[in-house]
Amino acid sequence: MSSAKTLSLRTTVRLPSGYEMPILGLGVFENDECAPACLAALQCGYRHIDTARYYKNEAQVGQAVRESGIPREEIFVTSKIYHPEHGYENTLAALQDSLDKFGCNYFDLYLIHSGLSGKEKRLETWRALIDARNAGKIKSIGVSNYGPQHIEEIRAAGLELPAVNQIELHPFCQQRPIVKYCREQGIVVQAYSPLVQGRLDDPVLLRLAEKHGKDAAQIAIRWSLQHGHVPLPKSARPERILSNSQVFDFELSEEDMAAIDALDRGKEGAITWNPVDCP
């Protein structure tokens, strides 16, 4: 990844799989009619969209990709398989259903959405994703909501490690042990809920927003980027989608970063399901 001073909306990070992933993406959770949001994002320069089977909007993402006029290979699209569908054969069938809905013959990244199905099903699902990747249906494979213990299961089984781990990650829930582990293993960390679902009225964030002439959401996204994460802010409003991307014309100082780092409340700061400790 480029240095903090030279980041842009088109900056990418190289995944362990060798593919490039844009460092900022649009999340579409709880957006049942997400095609307009995806089109707005693509029109203002995003090239990365994060969906999931659970979101039930893979078809709308595909519609937006086609309507955008942008070549498919220039847009990085992620989807995920939800734990009730885990297992080897179930995973292959679910992936094909995702592709049919999406309307394309591959995903750039496909994740295990959580480890809630238990060790045996997790590993069966991972083996299925490896086989689907080798068959050309996925370019890169990864996990979401995994703690180090779940990834170590993959290593112990003699299988390749994920390219990505997507976790809840924002100033109040910084997941430092998981981030440290992933960095050591060369696994790229994606940050979901980087805007704390809009709960950005903390005095530190507001003070830094005023200092830099930005809003608190932009401060939170910039903080995530400067830590080397790949944030996935979600919005259905075109003006917010645009403003969330306008984070490449300023830089947080070391003091600014330290002030935000100090907001961490560990797992107490989580605002979503965050099942990283599931058995």
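The following refers to the structure shown. This structure is a prediction, so every number in the text was calculated from the model and none was measured.

Rules of the game
- Residues numbered from 1 in each chain as written.
- Predicted model: local features only at pLDDT ≥ 70, side-chain atom pairs only at ≥ 80, totals over all residues.
- Heavy atoms only, no water.
- Helix = DSSP H or I, 4+ residues; strand = E, 2+ residues; numbered from the N terminus.
- Rg over C-alpha atoms; globule rule 2.2 N^0.38 Å.
- Buried < 20%, exposed > 50% of the residue type's maximum accessible area, 1.4 Å probe, protein only.
- Contact = heavy atoms within 4.5 Å.
- Areas by Shrake-Rupley, 256 points an atom, 1.4 Å probe, with all protein chains shown as cover.
- Lys, Arg positive; Asp, Glu negative; His and termini not counted.
- Charge placed at Lys NZ, Arg CZ, Asp CG, Glu CD.
- Phe/Tyr/Trp six-rings, centres within 6.5 Å; stacked < 30°, edge-to-face > 60°.
- Lys NZ or Arg CZ within 6 Å of the ring centre and 35° of its normal.
- 1 Å grid on protein atoms, 1.4 Å probe; cavity = no way out; pocket = protein on both sides within 12 Å on 5 of 7 lines; lining within 4 Å.
- Points joined across faces, edges and corners; volume = space filled by probe spheres on them.
- Nonpolar A, V, L, I, M, F, W, Y, C, P; charged D, E, K, R; others polar.

Regarding the overall build of the protein
From N to C terminus, the protein includes 10 helices and 10 strands. Relative to the compact-globule value of 19 Å for 279 residues, the protein shows a C-alpha radius of gyration of 18 Å, a close match. With respect to the three principal axes, the spread of C-alpha positions in the protein is 55 × 40 × 30 Å. When each of the 279 residues of the protein is scored for burial, the buried share is 58%. Sequence separation of 24 or more characterises 73% of the internal contacts of the protein that already satisfy a separation of 6 or more. Of the roughly 11,400 Å² that the protein leaves accessible, carbon and sulfur atoms contribute 50%. Here the protein holds 31 positive side-chain charges and 36 negative ones, and the gap between their average locations is 2 Å.

What about the packing of aromatic side chains?
Tallied over the entire structure, the rule returns 6 aromatic pairs. Ring geometry for F29 against Y54: centres 6.4 Å apart, planes inclined by 25 degrees, an arrangement best described as stacked. Within this pair, whereas F29 is found in the loop between β3 (26-27) and α1 (35-43), its partner Y54 is found in the loop between β4 (48-50) and α2 (58-68), the two being separated by 25 residues in sequence. Taking the relative accessible area as the measure of exposure, F29 reaches 28% and is therefore partly exposed. Residue classification places Y54 among the partly exposed residues on the basis of a relative accessible area of 42%. An angle of 15 degrees between the planes, with centres 4.9 Å apart, marks the rings of F102 and F107 as stacked. Above the plane of the ring of Y106 lies R72, whose end atom (NZ or CZ) is 4.2 Å from the centre. Across from the ring centre of F250, 5.8 Å away, lies the NZ or CZ of R222, which sits over that ring.

Considering unusual backbone geometry
Among all residues save glycine, negative phi is the norm, and among peptide bonds the norm is trans. A positive phi is found at S193, a non-glycine position, where the angle reads about 55 degrees. Overall, the relative accessible area of 15% leaves S193 in the buried class. Here V196, not a glycine, exhibits a phi torsion of approximately 55 degrees, which is positive. Note that V196 resides in the loop between β9 (188-192) and α7 (203-212). Residue V196 is classed as buried on the basis of its relative accessible area, which comes to 3%.

Here's the deal with the layout of surface pockets
Of the voids in this model, the largest pocket is the one considered here, and its volume is about 620 Å³. Looking at the largest pocket, it is lined by 33 residues, and the ones nearest its centre are F29, Y192, S193, Q197 and K234. Looking at the lining of the largest pocket, its residues break down into 15 nonpolar, 12 polar and 6 charged. In this model, the second largest pocket occupies a volume close to 180 Å³. Considering the residues around the second largest pocket, the lining is formed by 13 residues, among which E20, P22, E73, E74 and F76 are closest to the centre.

Focus on helix α9 (residues 238-245)
All of the buried residues along α9 are I241, S243, N244 and S245. The elements touched by buried residues of α9 are β3, α1 and α8 (216-226).

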